[in-house]
Amino acid sequence: PRRIKILKPYQIDEELLKHAKKNALFMHCLPAKRGDEVTKEVIDGKQSIILAQAKNRLFTEKAILLKLLKK
């Protein structure tokens, strides 16, 4: 689609990540479409912490639900 073509220059890829500090981390609030906004090499790479980020968000959401559902 047109939107993907327009946004392609803003894709996070390995070349862009080379300009970041060596200890830079890639985060994403998910869902992410591999190949559109981020390449699979980055999202699955050693600098990606998206799975840990999602896990932390899950625990936060569970805590909020427990608090809201308590009598």
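Residues numbered from 1 in each chain as written. Predicted model: local features only at pLDDT ≥ 70, side-chain atom pairs only at ≥ 80, totals over all residues. Heavy atoms only, no water.

## A short note on the overall build of the chain
Inference 1: Of the regular secondary structure elements, the chain holds 4 helices and 0 strands.
Inference 2: The 71 residues of the chain split such that 18% are buried. (Helix = DSSP H or I, 4+ residues; strand = E, 2+ residues; numbered from the N terminus. Buried < 20%, exposed > 50% of the residue type's maximum accessible area, 1.4 Å probe, protein only.)

## Topic: the nonpolar core
Inference 1: Listed in full, the 7 residues of the largest apolar core are L17, F26, A32, V38, V42, I43 and I50.
Inference 2: In this structure, A32 is in contact with E37, V38 and I43, ignoring residues within four places of it in sequence. (Core = buried A, V, L, I, M, F, W, Y, C linked by side-chain atoms within 4.5 Å. Contact = heavy atoms within 4.5 Å.)

## Topic: the environment of E14
Inference 1: Note that E14 resides in helix α2 (residues 14–17).
Inference 2: Separated by 27 residues in sequence, E14 and E41 have C-alpha atoms that sit 7.0 Å apart.
Inference 3: Once residues lying within four places of it in the same chain are set aside, the contact partners of E14 are T39, E41 and V42.

## Some words on the layout of surface pockets
Inference 1: Roughly 270 Å³ of internal volume is contained in the largest pocket.
Inference 2: Forming the boundary of the largest pocket are 13 residues, of which E14, L17, K18, K46 and Q47 lie nearest the centre.
Inference 3: Those elements that place two or more of their residues in the lining of the largest pocket are α2 and α3 (40–43).
Inference 4: Taken together, the residues of the lining of the largest pocket break down into 4 nonpolar, 3 polar and 6 charged.
Inference 5: Its boundaries defined by the atoms lining it, the second largest pocket holds a volume of some 210 Å³. (1 Å grid on protein atoms, 1.4 Å probe; cavity = no way out; pocket = protein on both sides within 12 Å on 5 of 7 lines; lining within 4 Å. Points joined across faces, edges and corners; volume = space filled by probe spheres on them. Nonpolar A, V, L, I, M, F, W, Y, C, P; charged D, E, K, R; others polar.)

## Thoughts on the pattern of salt bridges
Inference 1: Counted by the stated rule, this structure contains 3 salt bridges.
Inference 2: Where K33 meets D36, a salt bridge forms, and the shortest distance between an N and an O atom there is 3.7 Å.
Inference 3: Using a relative accessible area of 53% as the deciding quantity, one classes K33 as exposed.
Inference 4: Residue classification places D36 among the partly exposed positions, given a relative accessible area of 25%. (Salt bridge = Lys/Arg side-chain N within 4 Å of Asp/Glu carboxyl O.)

Geometric descriptors of this kind do not, in isolation, establish any biological role.
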